[in-house]
Amino acid sequence: MLKINEIYHSIQGESTSAGRPCVFVRLTYCNLRCTYCDTEYAFYEGKDMSIQQVIDEVEKYNCKLVEITGGEPLVQMEECLDLMKNLCDLGYEVMVETGGSLSIKDIDPRVKIIMDLKCPTSGMEKKNLYQNLIFLKLNDELKFVIGNREDYDWTIEIVKKYNLVGKCIILFSAVFGELEPVQLIKWILEDKLDVRFQLQMHKYIWHPETKGV
Ligand code: SF4
């Protein structure tokens, strides 16, 4: 059984798939407590569903892109891995969004991993599992959510230290309400970085606290 917080149909708000219709399967629980978390409602709330029940719900939307998210979906590791494998077997394009503190090594290689390494202002930097970086594939995406200049400088160091350019897609995102997107873009251009800036599009389309979008 999986504990599921919500399943809904919207557009992808982030990543290189931003703008595409997508079914989101949000799993309950998270092992982190980021300072800027916008999904605290997923820490405990949810209902038990079997993998087949989740798939039946996903199928209702007739949409081939599915994102498994949270909370931290890998807290329910075994069932989450099975769900992703089953969805891939059914021909779905599957993405998983994970906070980078739990191992990604057993994720089905057909799944696109969006991994969020935690910057210092998240308060969760020490939880980053850097061994995960060796499992990222060329089309996986590594996201840094940057809250200030300290986070930005830290991110640059990590990108250099682990030689990340060319290893996967690198996304730079600003903490909503903390760092002005235009400031982050300015830094990226000044430093001539080969990274991709992204906005959390859904927070501009809907009210930032709207759930299920
Ligand atoms: S990993 Fe995501 S869900 Fe968990 S506390 Fe951080 S922002 Fe919230």
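Residues numbered from 1 in each chain as written. Predicted model: local features only at pLDDT ≥ 70, side-chain atom pairs only at ≥ 80, totals over all residues. Heavy atoms only, no water.

In terms of helices and strands, the protein carries five helices and nine strands. Listed N to C, the secondary structure of the protein is β-β-β-α-β-α-β-β-β-α-β-α-β-α in terms of helices and strands. Relative to the globule expectation of 17 Å for 213 residues, the C-alpha radius of gyration of the protein, 17 Å, shows essentially globular dimensions. Counting only contacts in the protein whose residues sit at least 6 apart along the sequence, the fraction spanning at least 24 positions is 69%. Accessible area for the protein stands at about 10,300 Å²; split by element, carbon and sulfur atoms hold 51% of it. Each charge class in the protein was averaged separately, 25 positive and 33 negative side chains, and the resulting centres sit 2 Å apart. (Helix = DSSP H or I, 4+ residues; strand = E, 2+ residues; numbered from the N terminus. Rg over C-alpha atoms; globule rule 2.2 N^0.38 Å. Contact = heavy atoms within 4.5 Å. Areas by Shrake-Rupley, 256 points an atom, 1.4 Å probe, with all protein chains shown as cover. Lys, Arg positive; Asp, Glu negative; His and termini not counted. Charge placed at Lys NZ, Arg CZ, Asp CG, Glu CD.)

Let us look at the sheet that holds strand β7 (residues 141-146). Within a sheet, each strand pairs with its neighbour through backbone hydrogen bonds, oriented either parallel or antiparallel. Pairing within the open sheet is mixed, and its nine strands lie in the order β3-β1-β2-β4-β5-β6-β7-β8-β9. Every other strand in the sheet has two partners, leaving β3 (47-49) and β9 (196-198) as the edge strands with one partner each. On average, each strand axis in the sheet is tilted by 30° relative to the strand beside it, whichever way the strands run. Across six bridges, β7 lies against strand β8 (residues 169-174) in parallel orientation. By the bridge assignment for β8, valine 145 is matched with serine 173. Running at roughly 140° to β8, helix α4 (residues 181-190) makes contact with β7, β8 and β9 of the sheet. (Pairing = 2+ DSSP bridges. Axes fitted to C-alpha atoms, helices over the stretch in contact; angles between N-to-C directions.)

Right, let's talk about helix α3 (residues 149-161) for a bit. Between its first and last C-alpha atoms α3 spans 18 Å; for 13 residues at 1.5 Å apiece the expected length is 18 Å, and the two agree. Elements that come into contact with the buried residues of α3 comprise β6 (112-117), β7, β8 and α4. Two or three places before glutamate 150, at the start of α3, stands the capping residue asparagine 148, its side-chain oxygen 3.1 Å from that residue's backbone nitrogen. At the exit of α3 stands asparagine 163, carrying a positive phi of roughly 50°. (Expected span 1.5 Å × (residues − 1). Polar contact = N/O pair within 3.5 Å; in protein donor to acceptor, adjacent residues only side chain to side chain.)

With respect to burial, strand β1 (residues 2-11) is a largely interior element, eight of its 10 residues being buried. Inspection of the sheet shows β1 paired to β3 by three bridges, in the antiparallel sense. Looking across to β3, one finds that lysine 3 is bridged to aspartate 48. The pairing of β1 with strand β2 (residues 21-27) spans seven bridges and is classified as antiparallel. If you follow isoleucine 7 over to β2, its bridge partner there is valine 25. (Buried < 20%, exposed > 50% of the residue type's maximum accessible area, 1.4 Å probe, protein only.)

Near the ligand you find Cys30, Leu32, Arg33, Cys34, Cys37, Thr39, Phe43, Gly71 and Lys118, and these make up its full shell. Applying the majority rule of atoms within 2 Å of the grid points places the ligand in the largest pocket. Across the shell around the ligand, the residue classes break down as five nonpolar, two polar and two charged. (Near = heavy atom within 4 Å. 1 Å grid on protein atoms, 1.4 Å probe; cavity = no way out; pocket = protein on both sides within 12 Å on 5 of 7 lines; lining within 4 Å. Sits in = over half its atoms within 2 Å of the grid points. Nonpolar A, V, L, I, M, F, W, Y, C, P; charged D, E, K, R; others polar.)

Once that is clear, we can look at the layout of surface pockets. Estimated volume of the largest pocket: approximately 1,000 Å³. In terms of residue class, the lining of the largest pocket is made up of 17 nonpolar, 18 polar and 14 charged. (Points joined across faces, edges and corners; volume = space filled by probe spheres on them.)

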